[in-house]
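Close look at the chain arrangement
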Amino acid sequence: MLQSIQNSQVLTSPQAYFVPVALEPDRAEAKLFEQVPTAKPLVLRVQPVVGDATLGFSSIAPLVARALSWAEADPENKEFLQSIAAELTWLFPELRRKEFFKAAPELTEIAIAPSRRRLHKESEQILRVTVALGRLLRKWLCSDECEIGVVHAAHVDGMDEQSVRVMRRLADIMPEGGPLILFSRGGEFKEPVVEGLAPWIGQKERRAAMIEGVMQNLKHVVLDQDARSPVSALEIVEIDGIANLGTREKALVEALNTSIEENEQPETLAAHAIAAIEEAVFTLNFPQARAILGRIGERFLEFSPKQQHELVLHLAFAEAFACRFESAAEALQYAMSLADTADEKAMSHFFLALLKIKRLGQPLQGREHLDKAIAMLKDRTDDAALNDLAWLYNLRALSFVELRDVANARKQVLMGIKYNKACQRTPDSIHLKINLLSNMTNLEEFTRQVPRAIERWSVFEPMLKSAAGSFAKHYHYRMGGLLTKVDRFDQASDHFMKAYAEARKSHDLFYAVLIARDLGGVLYRAGQVEEAARWFEACVRLQDEMGADDAISADWVALWYCRWCVTSKTAGANAVKQPLYKSISSGSMGHEGEDQSGANAFAPVEFQFLPRPGTKLNRPFDITNLYWESAS
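Rules used in this analysis
Residues numbered from 1 in each chain as written. Predicted model: local features only at pLDDT ≥ 70, side-chain atom pairs only at ≥ 80, totals over all residues. Heavy atoms only, no water. Axes fitted to C-alpha atoms, helices over the stretch in contact; angles between N-to-C directions. Helix = DSSP H or I, 4+ residues; strand = E, 2+ residues; numbered from the N terminus. Left-handed = near helix turned anticlockwise from the far one by under 90°. Contact = heavy atoms within 4.5 Å. Nonpolar A, V, L, I, M, F, W, Y, C, P; charged D, E, K, R; others polar. 1 Å grid on protein atoms, 1.4 Å probe; cavity = no way out; pocket = protein on both sides within 12 Å on 5 of 7 lines; lining within 4 Å. Points joined across faces, edges and corners; volume = space filled by probe spheres on them. Expected span 1.5 Å × (residues − 1). Buried < 20%, exposed > 50% of the residue type's maximum accessible area, 1.4 Å probe, protein only. Salt bridge = Lys/Arg side-chain N within 4 Å of Asp/Glu carboxyl O. Phe/Tyr/Trp six-rings, centres within 6.5 Å; stacked < 30°, edge-to-face > 60°. Lys NZ or Arg CZ within 6 Å of the ring centre and 35° of its normal. Parallel < 35°, antiparallel > 145°, perpendicular 65-115°, else oblique. Pairing = 2+ DSSP bridges. Right-handed = clockwise from strand over helix to strand, strands pointing away.

Topic: the packing of helix 2 (residues 61-73) against helix 6 (residues 124-141)
Two elements in contact, helix 2 and helix 6, have axes separated by 9 Å at closest approach and are oriented at 65°. For the element pair helix 2 and helix 6, the recorded crossing hand is left-handed. Residues Leu 63, Val 64, Arg 66, Ala 67, Leu 68, Trp 70 and Ala 71 of helix 2 lie in contact with helix 6, whose contacting residues are Leu 133, Leu 136, Leu 137, Lys 139 and Trp 140. Taken together, the residues of the contact of helix 2 with helix 6 sort by class into 10 nonpolar, no polar and two charged.

And the structure:
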C-alpha cells in the first residue's frame, strides 16, 4: 500500500503525486497511474543489487546503462555525450575501449578530488559524476522514445549511497510533466564486524539517519514506506556490452576479494585493502570504506603497524567526511596508538589538529598536537620531514586565524614557506606552495590590504601556460574577485570571463553557473547593465541544462531587473529597485517566450539583490551531501 510519510497531505509541488492511505492496494495502484501520462505507462524499478549493498553506483548502473544505450543510438546526442564523456569513462573505465570515448579527458585531470591534507570531503569529481548521470537519465526519461512513466527506487534502506545520491538528484531535477520518481523504504543492510574497530564500523544507525534525512529532503516525489509497493514494475533488463561494464570501485573490491579468497600474504592483502578503502573514501562511499574492513576481519591483526595505521586513518577520514567529527577524533586517537614511527605519529597529530581546528572549533587544543608533531621532526633535514614541517606550520597559522591573531598567523605562514622552499619539489610540496601563498593573500585580504594580495596572487600568472585548466579556472576567479574589491571592474570581468571559458572548456556546468552569476554582478557594478543581463541569462540557461535548483529564481530576478534597467534607462548605482520573490520565476517573469509584461512592473523601492562576487571558487556541494542531520 502506498503511504504518505506521516500525514495525509499532498506535496505542494505541481509534480507531487499522492495516494491516500485508506485505499486498497489495487485501488492505490490505479490512483497512482491516474497521475502518470498514459503515453508512458511503464514502471522501472531500481533496487539494491544482491551482495552489493555498499558497492558504489551498483543499483543505479543498469539504469544508467539503458540511458547510455539510448543516447548512443541517436547521432543527435553526440555533442551531449561528449560533454559528459569524462564522467562516464571515470565511472566505467572500460568504455574507453569504444572509439567514441577514447579521446575523452581524464576526470582526475579536470576536477579536484577531496583533499587528505585538508580533511576536505567536497569532491568536484563526485559532484560532476552525480550531475552528469542526472542529466543523462533526465534526458532519456523525458524523451519521446522512452515509455517509462514511473521510476521506482525500491528498498532504499539497503541501496548503496551513490545510487541514493543519484536518485535524489534525479528527483530534484525532473521537470513538471516528466516521469514520477517514487521512493520506498525497506531493504536490509548487512552490518560488517571487525573486533576492535566496532565504534567506527557499525553503521546501521547512521545509515538509517542518512536515509531519513534523504526522505525528508526529497522534492517532487511520493514517499512510500511500504517496501512491498503494489506498483507493477518492469524489472531492469541489462543491455549487453554496457550494463556489464564494471565501475572503478568494483575492480578494486574484486581484487581485494580475490586476495582474501586466495589467502594471499598479509602485505599483499593489505595493499589491496588500502587501495580499495582509499577509493571508497575519496568517492564519498563511506559504507564501502567500512565494509572493506569488515571483509578483512581478523586478518587485520596480521598487517604491519604501518598498514594498520594507514587503514584506520582512512576510516577516520570516512567519519570526518560524513560529518561525524567526534567519532573521527576517536579513530585518529586509535590510529595514533598503532603508529610505529615518528612520521606516522606526527601524521596522526597533524590530522587530529586539523580536525580540532577546522571542524571542532578547538584551535588551542589543535595547536597542542601541532607542537608535539613539530618537536618530533624539527631536528631532521630530510625532504619528507621538511615537507611535513611546512604543512604543520601552515596549519598552525590557521589556529591563529581562528582566534583572529593575524600577526602570528603570518609568522607561521612564513615558517611554512621557509620549509617548503627547503624540500624537494613533489606534487604535495607544490600543492602546499600554492596553498601557502594563497593563505598569505587571504591574510592580506582579511586585513584590507587587497592591492598587496593582488600583487602576490599574480605570481602564478606565468604558471598558467603549463598549468591544468582547473588551476587556471580557480586562479582567474580569485583574481577577478580581488580586483572587484578595489573597483577595478573591467580587469575583474576579464578574469571572470577567462575562468568561465575554462569551466566551459571542461564542461564544468556547476562552476560555470557560479562564475556567470558573479560576472553578471561585476558587469552591473561597472555600468554595463545590458551585458550583465546577458550573463544572468546564460546563468539561467546553464542551470536549466544542469537541472534547475533553488537559486535559479534569484537569477531570474537579477536577469529581469537588469532588463528593466535597460528599458527604463535608469541603470547604474542610482537605479531604483524593488523586492522580488522566488515565486516571480514561475509567473510573468518566466522563461523566454512567455508573457514578459512583468519586466516593466517594478516600483521605486530600493532593494539590493544582485550578487557580489566571492574571491574563492571552492563551494560546498549540497548536491552530494547526504548527511544533513550530522552536519547540522
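Having seen the structure, we can now continue with the description.
Observations concerning empty space enclosed by the protein
Under the counting rule described, the total for this entry stands at five cavities of 30 Å³ or more. Computed from the structure, the largest cavity encloses a volume of approximately 90 Å³. Lining of the largest cavity is provided by 13 residues; of these, Glu 87, Arg 128, Val 131, His 507 and Leu 509 occupy positions nearest its centre. If you tally residues by element for the lining of the largest cavity, the top one is helix 6, at five residues. Looking at the lining of the largest cavity residue by residue, the class counts come to seven nonpolar, two polar and four charged.

Observations regarding helix 23 (residues 509-525)
Taking 1.5 Å of rise per residue, 17 residues should cover 24 Å, and helix 23 covers 24 Å from first to last C-alpha, within 8% of that figure. For helix 23, the tally of buried residues reaches 16 of 17 residues, placing the bulk of the element in the interior. Just past helix 23, the residue Gly 527 takes up positive phi, approximately 85°.

Examining the pattern of salt bridges
This model, assessed by the stated rule, comprises 28 salt bridges. For Glu 99, the salt bridge goes to Lys 102, with nearest N and O atoms at 3.2 Å. The exposure class assigned to Lys 102 is partly exposed, which follows from its relative accessible area of 47%. The partner of Glu 302 in a salt bridge is Arg 299, and the shortest N-O contact between them spans 3.1 Å. Residues joined in a network through salt bridges with shared partners are Arg 117, Asp 388 and Asp 428.

Let's talk about the packing of aromatic side chains
Counting across every chain of the model gives 18 aromatic pairs. The interplanar angle of 80° and the centroid separation of 6.4 Å between the aromatic rings of Phe 350 and Trp 391 together place this pair among those described as edge-to-face. Of this pair, Phe 350 sits in helix 15 (residues 342-359) while Trp 391 sits in helix 17 (residues 383-401), placing them 41 residues apart in sequence. Pairwise contacts between aromatic rings join Phe 282, Phe 317, Phe 321, Phe 350, Phe 351 and Trp 391 into one cluster. Above the ring of Phe 350, the side-chain terminus of Arg 117 is found at 5.5 Å from the ring centroid.

Observations concerning the packing of helix 18 (residues 406-422) against helix 19 (residues 427-446)
Orientation of helix 18 relative to helix 19, taken along the N-to-C sense of each, is 160°, at an axis distance of 10 Å. Taken as axis vectors, helix 18 and helix 19 run roughly antiparallel relative to one another. The hand of the helix 18/helix 19 crossing is left-handed. Along its contact with helix 18, which presents Val 406, Ala 409, Arg 410, Val 413, Leu 414, Gly 416, Ile 417 and Asn 420, the element helix 19 presents Ser 429, Leu 432, Lys 433, Leu 436, Leu 437, Met 440, Leu 443, Glu 444 and Phe 446. A per-class count over the contact of helix 18 with helix 19 returns 11 nonpolar, three polar and three charged.

A look at the pairing of strand 2 (residues 148-153)
Burial analysis of strand 2 places six of its six residues in the buried class, the great majority of the element. With five bridges connecting them, strand 1 (residues 42-46) and strand 2 associate as parallel partners. Opposite Val 46, over in strand 2, you have Ala 153 as the bridge partner. Sheet analysis places strand 2 next to strand 3 (residues 180-184), joined by four bridges and oriented parallel. Residue pairing in the sheet places Val 150 in a bridge with Leu 180 of strand 3. The parallel pair strand 2 and strand 3 is bridged by helix 7 (residues 161-173), and the resulting crossover is right-handed.

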